[in-house]
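These are the residues of each chain, in order.
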Amino acid sequence: TGMMANTLLKASMLEGLTHAVRRTMALDFSTHLADLTGRFEFGALDGHKNGYQNYLEKRGVDKQIWDTWKQAERVDFDGVQMLTPDAINRLNIPQNQKNKAIEKLMGLIARESEYASLGLDLATRAVIGGWSGKKGTVQGELGRSFFLFKSFTIGMLSKHIQRIQEIPTAGGKLAYSAQLAVSLTLLGALSLQLKDIVNGKDPREMDNGKFWAAAFVQGGGAGIFGDIAYTGLGGDNRGGQPNYAGFAGPIFGTGFDIANATLGNIGKSAEGKKTNLGSSAIRLVRQNTPGLGIWYVKGAFDHAVTYELQEMANPGFANRMRKNAQKE
């Protein structure tokens, strides 16, 4: 199962995109440091970009390390000057001084690259572990299932709130917060529209507050709240599950689908109501078949196979789905 999960992650292209974004940010930040060390003394950094010296000192970079970086020869990369560990290592200074300068450089670059593409870092793991409880216990495992796929949102909040707190002036804090909110909302809007296009749906209307509320929460990685903004807590999400089931986590959502396909249909049958066992079973198999959720497979498979099967098992399915889409 681990091998299958890794294969699907690669097939989705997410892993490659994540590495590419982080490498790009690492290269960009290396050129940024090369520029700053070439132009500024350490004590002159406070006037640059709202307290840059304060930012560096909080990460253990002092005047000695800065001066070591300044001495290193810049490496030319496609016409761009970069500050690299190899250049520092070639300096004629004590090895422990070089090692410390290299360690701080690599730590700083790695940290900034993780802002470009957030991952499940130690701080986020600690928050999830602290709220969930001990591993292996019922409470701990239920808590971890609730936080499954919510780590991005927690990481987003923890990293950027920390960064805002480190900005020394109120104006700087406000400017950073505003830039972050606006850019995330615009990218969240783009994400919503691309998701609908990938799923074979028309892009949403953008001239209403409901769309921009969903875009705002989507930008922060909390897409489930965007679904709630559109259809309410009891409405259905894009996967066809009630929003409250999705909010509780994918494991609970799968349990809900199984219960609905079995106990739900048994209850309907006992009451003499029309059952939808075939439709429930098709959705359950579709949602739990590895590979069918990949973005370039999903829409094509659903239109070619899933919707045809649903129409056969539950006549009128296509019309009901169209009416639902228009209503929401």
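Residues numbered from 1 in each chain as written. Predicted model: local features only at pLDDT ≥ 70, side-chain atom pairs only at ≥ 80, totals over all residues. Heavy atoms only, no water.

**Q** Could you give an account of the overall build of the chain, with specific residues and numbers?
**A** Helix and strand counts for the chain come out as 17 helices and 2 strands. Here the chain holds 328 residues, and the buried ones make up 34% of them. The contacts of the chain with a sequence gap of at least 6 include a subset with a gap of at least 24, amounting to 52%. (Helix = DSSP H or I, 4+ residues; strand = E, 2+ residues; numbered from the N terminus. Buried < 20%, exposed > 50% of the residue type's maximum accessible area, 1.4 Å probe, protein only. Contact = heavy atoms within 4.5 Å.)

**Q** Break down helix α2 (residues 14-39) for me, with residues and values.
**A** Look at α2: 38 Å from first C-alpha to last across 26 residues, which is about the 38 Å you get at 1.5 Å a residue. Buried residues of α2: T18, A26, F29, S30, T31, L33, A34, L36 and T37, and no others. Considering only its buried residues, α2 is in contact with α3 (52-57), α4 (63-71), β2 (80-82) and α6 (95-116). (Expected span 1.5 Å × (residues − 1).)

**Q** Pulling in residues and values, what's your account of the packing of α2 against α6?
**A** Two numbers describe how α2 lies on α6: the axes approach to 8 Å, and their chain directions differ by 130°. The pairing of α2 with α6 is recorded here as oblique in orientation. The element α2 and its partner α6 pack so that their crossing is right-handed. Taking contact as the criterion, the partners of V21, R22, M25, A26, F29, S30 and L33 in α2 are, on α6, L105, L108, I109, E112, S113, E114 and A116. Each residue belonging to the contact of α2 with α6 can be placed in one class, and the counts come to 9 nonpolar, 2 polar and 3 charged. (Axes fitted to C-alpha atoms, helices over the stretch in contact; angles between N-to-C directions. Parallel < 35°, antiparallel > 145°, perpendicular 65-115°, else oblique. Left-handed = near helix turned anticlockwise from the far one by under 90°. Nonpolar A, V, L, I, M, F, W, Y, C, P; charged D, E, K, R; others polar.)

**Q** Give me the lowdown on the packing of aromatic side chains, citing residues and values where you can.
**A** Evaluation of the coordinates by the stated rule reveals 5 aromatic pairs. When the centroid spacing of 6.0 Å and the interplanar angle of 55° are considered together, the rings of F42 and W66 count as tilted. In this pair, F42 sits in the loop between α2 and α3 while W66 sits in helix α4, placing the two residues 24 residues apart along the sequence. Accessibility assignment for this pair places F42 and W66 in one class, buried. Counting every residue linked through ring pairs, the aromatic cluster contains F42, W66 and W69. Over the ring of Y115 we find R163, and its NZ or CZ is 3.8 Å from the ring centre. (Phe/Tyr/Trp six-rings, centres within 6.5 Å; stacked < 30°, edge-to-face > 60°. Lys NZ or Arg CZ within 6 Å of the ring centre and 35° of its normal.)

**Q** How would you summarise the confidence of the model for the chain if you had to cite specific residues and measurements?
**A** For the chain, the average pLDDT comes to 83, and 89% of its residues sit at 70 or higher. Across the chain, the element-wise mean pLDDT spans from 56 in helix α12 (residues 223-231) up to 94 in α4. (pLDDT = per-residue confidence, 0-100.)

**Q** An account of the pattern of salt bridges is needed here, citing residue identities and associated values.
**A** If you walk through the whole model with that rule in mind, you get 10 salt bridges. E41 is paired through a salt bridge with K70; the nearest N and O atoms lie 3.9 Å apart. In this pair, E41 sits in the loop between α2 and α3 while K70 sits in helix α4, placing the two residues 29 residues apart along the sequence. Linking D257 and R283 is a salt bridge whose minimum nitrogen-to-oxygen distance equals 3.5 Å. A residue pair is termed long-range when its members are at least 10 positions apart, and D257 in helix α14 (residues 250-270) and R283 in helix α15 (residues 277-287) qualify at 26 residues. (Salt bridge = Lys/Arg side-chain N within 4 Å of Asp/Glu carboxyl O.)

**Q** Residue-level account of α15, with values.
**A** Since one α-helical turn is 3.6 residues long, residues separated by three or four positions face the same way. Among the residues of α15, S279, S280, I282 and R286 are the ones counted as buried. Buried residues of α15, viewed axially, fall in a sector of 160°; they line one side. Here the buried face of α15 lies against α14 and α16 (295-313). (Arc of directions from axis to C-beta.)

**Q** An account of the nonpolar core is requested, with residue identities and associated values reported.
**A** Counting residues in each nonpolar core, the largest one holds 26 residues, and the members touching the most others are L33, Y52, L56, W69 and I88. Counting only elements with at least two residues in this core, the list comes to α2, α3, α4, α5 (85-89) and α6. Counting 5 residues, the second largest nonpolar core, distinct from the first, contains A189, L192, A214 and A215. (Core = buried A, V, L, I, M, F, W, Y, C linked by side-chain atoms within 4.5 Å.)

**Q** I'd like a rundown of unusual backbone geometry, residues and numbers included.
**A** Within the chain, M13 stands out as a residue other than glycine whose phi angle is a positive 75°. Within the secondary structure layout, M13 lies in the loop between α1 (2-11) and α2. Overall, M13 belongs to the partly exposed group, its relative accessible area being 48%. Residues other than glycine seldom take positive phi values, yet D78 does so here, at roughly 55°. Tracing the sequence through the fold places D78 in the loop between β1 (75-77) and β2. Classification of D78 as exposed rests on a relative accessible area of 72%.

**Q** Account for the packing of α6 against helix α9 (residues 151-166), naming residues and giving values.
**A** One way to put it is that α6 packs onto α9 with a least axis distance of 10 Å and a crossing angle of 120°. It follows from the interaxial angle that α6 and α9 lie oblique. Crossing hand, α6 versus α9: left-handed. For the pair α6 and α9, the contacting residues are R111, E112, E114 and Y115 in the first and K159, H160, Q162 and R163 in the second. Classifying every residue of the contact of α6 with α9 by side-chain character gives 1 nonpolar, 2 polar and 5 charged.

**Q** Give me the environment of R39: which residues, what numbers.
**A** You can see R39 is positioned in helix α2. Classification of R39 as exposed rests on a relative accessible area of 52%. Taking the C-alpha atoms as reference points, R39 and K70, separated by 31 residues in sequence, lie 9.2 Å from one another. At 3.1 Å, the side chain of R39 and the side chain of D35 are in polar contact. (Polar contact = N/O pair within 3.5 Å; in protein donor to acceptor, adjacent residues only side chain to side chain.)

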